[in-house]
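Remarks on the overall topology
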Amino acid sequence: MSKLNVELGSRSYPILIQADILNTKHLLSEFVGNNRLVVVSNETVAPLYLKRLSDAISAPVESVIIPDGEQFKNLTQLESVIGKLLAKGCGRDTTLIALGGGVVGDLCGFVAATYQRGIPFIQVPTTLLSQVDSSVGGKTAVNHALGKNMIGAFYQPKAVIIDTMTLSTLPAKEFAAGMAEVIKYGIIYDSNFFCWLEANATKLTSLDPDALNHAIHRCCAIKAEIVSNDEREKGQRALLNLGHTFGHAIEAEMGYGNWLHGEAVAAGMVIACRVAEQLNWMDSSEVRRLINLLQSFELPVSGPESMDFSAYMQHMQHDKKVEAGSIRFVIPTGIGNAVVTSEISEQLLQQVLG
Ligand SMILES: NC(=O)c1ccc[n+]([C@@H]2O[C@H](COP(=O)([O-])OP(=O)(O)OC[C@H]3O[C@@H](n4cnc5c(N)ncnc54)[C@H](O)[C@@H]3O)[C@@H](O)[C@H]2O)c1
Ligand SMILES: O=C(O)C(=O)C[C@@H](O)[C@H](O)[C@H](O)COP(=O)(O)O
Ligand SMILES: [Zn+2]
């Protein structure tokens, strides 16, 4: 088993990574004490993994099951989950366990942050995207029609338990979406990791256990370090938003769920790199390497044909990185480095976005 730690003083927590960790007896006992346990999952993941998780916990477990899809990461569903917890009589001595991908994790985390002013929760992520990104760092949220993750809280889990074996049932398109966030870490932070991804793309697609373990471990280590330094995104954490200003605009414009989050981030990262290329911050060979790597996972490398400059601008005004009315963009300065800047002219954006 590999173990990492998110260092946040009294709110620090471990990330445990292991194939088949869901077969470990008394898996969560050190994190839950005598609390009542409620698993929040969805109608796809629960039939696959809820029994295994319950068996591993070796204590009574209740569950709340939500419908599957990004379009259900909303206030209606939040209220519904809270209503079910109230109907069960759950008090503050309840720990929630998010079993599923980023949608379940973000929603369950926000329920935990708000239910009776806050109860503990544990992340058990089952998609590649959630194992490398969303389960770590405590960004919890639901979407609003006008923007992604517009209603939420920073609220850290008590532990992140990653069973890499769960990826064996993940649809290929969802695996690819997770790879977009994996590649993001290479661009913003670690050029060696980017080179490693170029060399190991085939192994990753075929779910080679060692390659998967290395990629998940490296991503979690980078995210743990960034979050430990900047929990509330006052500085460096904003780099994790590479591709998201454009990507979130795509998700909202196309209707939540029609473009997967990772697909939109893939297209958004290429757009950010095209901006960098125009500024001579990145050379075209580096942009080509990103495109090639994304394409090796069959990810999109441009936004939807139907979206033009004004459609992007309309959504990007709501981006959470807007400061004093200016949109701040994460722009790479090469493979392995990126900066946050508000100095991107509308003219340049129009040129890149069309
Ligand atoms: N909080 C954060 O820091 C953060 C970071 C990145 C993304 N996100 C959010 O995460 C969400 C995307 O997460 P996602 O890509 O995991 O999508 P998801 O949660 O919708 O899961 C993708 C699909 O895979 C299914 N699934 C999950 N695990 C499975 C398994 N093991 N086997 C078979 N099917 C499985 C799900 O039911 C769903 O249909 C977005 O809402 C995004 O905004 C949050
Ligand atoms: O953890 C972070 O910080 C990130 O930005 C990770 C992103 O991959 C993730 O999609 C996040 O939810 C986006 O955050 P938002 O603040 O732009 O909604
Ligand atoms: Zn993301």
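Reading the values: rules and limits
Every chain is numbered independently, its residues counted from 1 as its sequence is written. For this description, chains carry letters from A and ligands carry numbers from 1, given in the order in which they are written. Thresholds applied to this predicted model are a pLDDT of at least 70 for local features of residues and 80 or more for the giving and counting of side-chain atom pairs; totals over whole chains, interfaces and linings are not thresholded and use all residues. UniProt positions are given in the numbering used here, feature names are shortened, and annotations may be inferred rather than shown by experiment. Counting from the N terminus, the helices are the DSSP runs of H or I reaching at least four residues and the strands are the DSSP runs of E reaching at least two. Each residue receives a C-beta atom built from its backbone; the residue is near a molecule or strand if that atom lies within 6 Å of it. Under the scheme applied, nonpolar residues are Ala, Val, Leu, Ile, Met, Phe, Trp, Tyr, Cys and Pro; charged residues are Asp, Glu, Lys and Arg; polar residues are all the others, including Gly. Domains are outlined according to an automatic or database domain assignment. Around each residue's C-beta, the other C-beta atoms within 10 Å are counted; 20 or more make the residue buried, 12 or fewer make it exposed, and counts in between make it partly exposed. All C-beta atoms are placed from the backbone. We call two residues in contact if the C-beta atoms placed from their backbones are at most 7 Å apart. Whether two strands pair depends on DSSP finding at least two bridges between them. The angle between two axes is taken between their N-to-C directions and runs from 0 to 180 degrees, where each axis is a line fitted to C-alpha atoms and a helix contributes only its stretch in contact. Note on terminology: angles under 35 degrees are roughly parallel, angles over 145 are roughly antiparallel, angles of 65 to 115 are roughly perpendicular, and the others are oblique. The crossing is said to be left-handed when, going from far helix to near helix, the turn is anticlockwise and less than a right angle, and right-handed when the turn is clockwise. The nonpolar core is taken to be a set of buried Ala, Val, Leu, Ile, Met, Phe, Trp, Tyr and Cys residues joined by way of C-beta atoms within 7 Å. Here the expected span of a helix is defined as 1.5 Å times the quantity of residues minus one.

This next bit is on the UniProt feature "domain: 3-dehydroquinate synthase N-terminal" (unreviewed entry) in the protein. Sites flagged by UniProt as "domain: 3-dehydroquinate synthase N-terminal" (unreviewed entry) map to residues 64-176. With 34% helix and 29% strand, residues 64-176 has end C-alpha atoms that lie 28 Å from one another.

The environment of ligand 2 is formed by Asp133, Gly137, Lys139, Lys148, Asn149, Glu181, Glu233, Arg237, Leu240, Asn241, His244 and Lys320. Taken together, the residues that form the shell around ligand 2 break down as one nonpolar, four polar and seven charged. Inspection of the shell around ligand 2 shows a minimum of three residues originating in each of domain 1 (2-169) and domain 2 (172-353).

Let's shift gears to the UniProt feature "binding site: Zn(2+)" (unreviewed entry) in the protein. If you check UniProt for "binding site: Zn(2+)" (unreviewed entry), the listed places come out as Glu181, His244 and His261 in our numbering. Over a stretch of 81 residues, the named residues converge on one spot in the fold, their C-alpha atoms separated by at most 10.2 Å. When you line up the elements, His244 lands in helix α9 (residues 244-254). On the neighbour-count criterion, His244 (27 C-beta atoms within 10 Å) is buried. Of note, His261 is situated in helix α10 (residues 261-278). We classify His261 as buried; it has 28 C-beta atoms within 10 Å. In contact with His261, other than residues within four places in its own chain, are Glu70, Gly102, Leu129, Ala177 and Glu251.

You can see Ile344 is positioned in the loop between β11 (337-341) and α13 (346-353). Spatially, the C-alpha atoms of Ile344 and Lys173 are 33 Å apart, while their sequence positions differ by 171 residues. Setting aside its immediate chain neighbours within four residues, Ile344 contacts Val275, Phe329 and Leu349.

By the bridge criterion, five bridges tie strand β1 (residues 2-6) to strand β2 (residues 13-18) in an arrangement that is antiparallel. When the bridges of β2 are listed, Val6 appears paired with Tyr13. Hairpin connection, β1 to β2: the antiparallel pair is bridged by six residues, and Gly9 has positive phi, about 60°.

The interhelical angle for the contact between α10 and α13, taken along N-to-C directions, is 125°, at an axis separation of 10 Å. Classified by the angle between their axes, α10 and α13 sit oblique to one another. For the pair α10 and α13, the crossing hand works out as right-handed. Counted together, Ile271, Arg274, Val275 and Gln278 of α10 and Leu348, Gln351, Val352 and Leu353 of α13 form the full contact between these two elements. Considering only residue class, the contact of α10 with α13 consists of five nonpolar, two polar and one charged.

A few words on the nonpolar core. The biggest cluster of nonpolar side chains holds 113 residues, and the ones touching the most others in it are Val40, Leu96, Ile97, Leu107, Val111 and Ala272. Looking at this core element by element, the count peaks at 11 residues for α10. Shared between two domains, this core takes at least three residues from each, and those domains are domain 1 (2-169) and domain 2 (172-353). In this view, Ala272 contacts Leu242, Gly243, Phe246, Phe329, Val330, Ile331 and Pro332; residues no more than four positions away in its chain are not counted.

Next up on the list: the site of ligand 1. Around ligand 1 there are 30 residues in total, and Thr44, Gly101, Gly102, Thr127 and Ser134 lie nearest to it. When residues of the shell around ligand 1 are traced back to their parent elements, those giving at least two are α2 (45-57), α4 (102-114), α5 (128-134), β8 (147-154), α6 (172-188) and α10. Considered class by class, the residues forming the shell around ligand 1 number seven nonpolar, 15 polar and eight charged. Shared between two domains, the shell around ligand 1 holds at least three residues of each, these being domain 1 (2-169) and domain 2 (172-353).

A word on unusual backbone geometry. Even without a glycine there, the phi angle at Ser58 is positive, about 55°. Unlike most non-glycine residues, Asn280 shows phi in positive territory, near 60°. Of note, Asn280 is situated in the loop between α10 and α11 (284-296). Asn280 gets classed as exposed once you count the C-beta atoms within 10 Å, which come to 7.

Taking 1.5 Å per residue, 13 residues should reach 18 Å; α4 reaches 18 Å between its end C-alpha atoms and fits that length. Counting buried positions along α4 gives 11 out of 13 residues, so the element sits mostly inside the fold. Of all the residues in α4, the buried ones are Gly102, Val103, Val104, Gly105, Asp106, Leu107, Cys108, Gly109, Phe110, Val111 and Ala112. Phi turns positive one or two residues past the end of α4, at Gln116, with a value near 50°.

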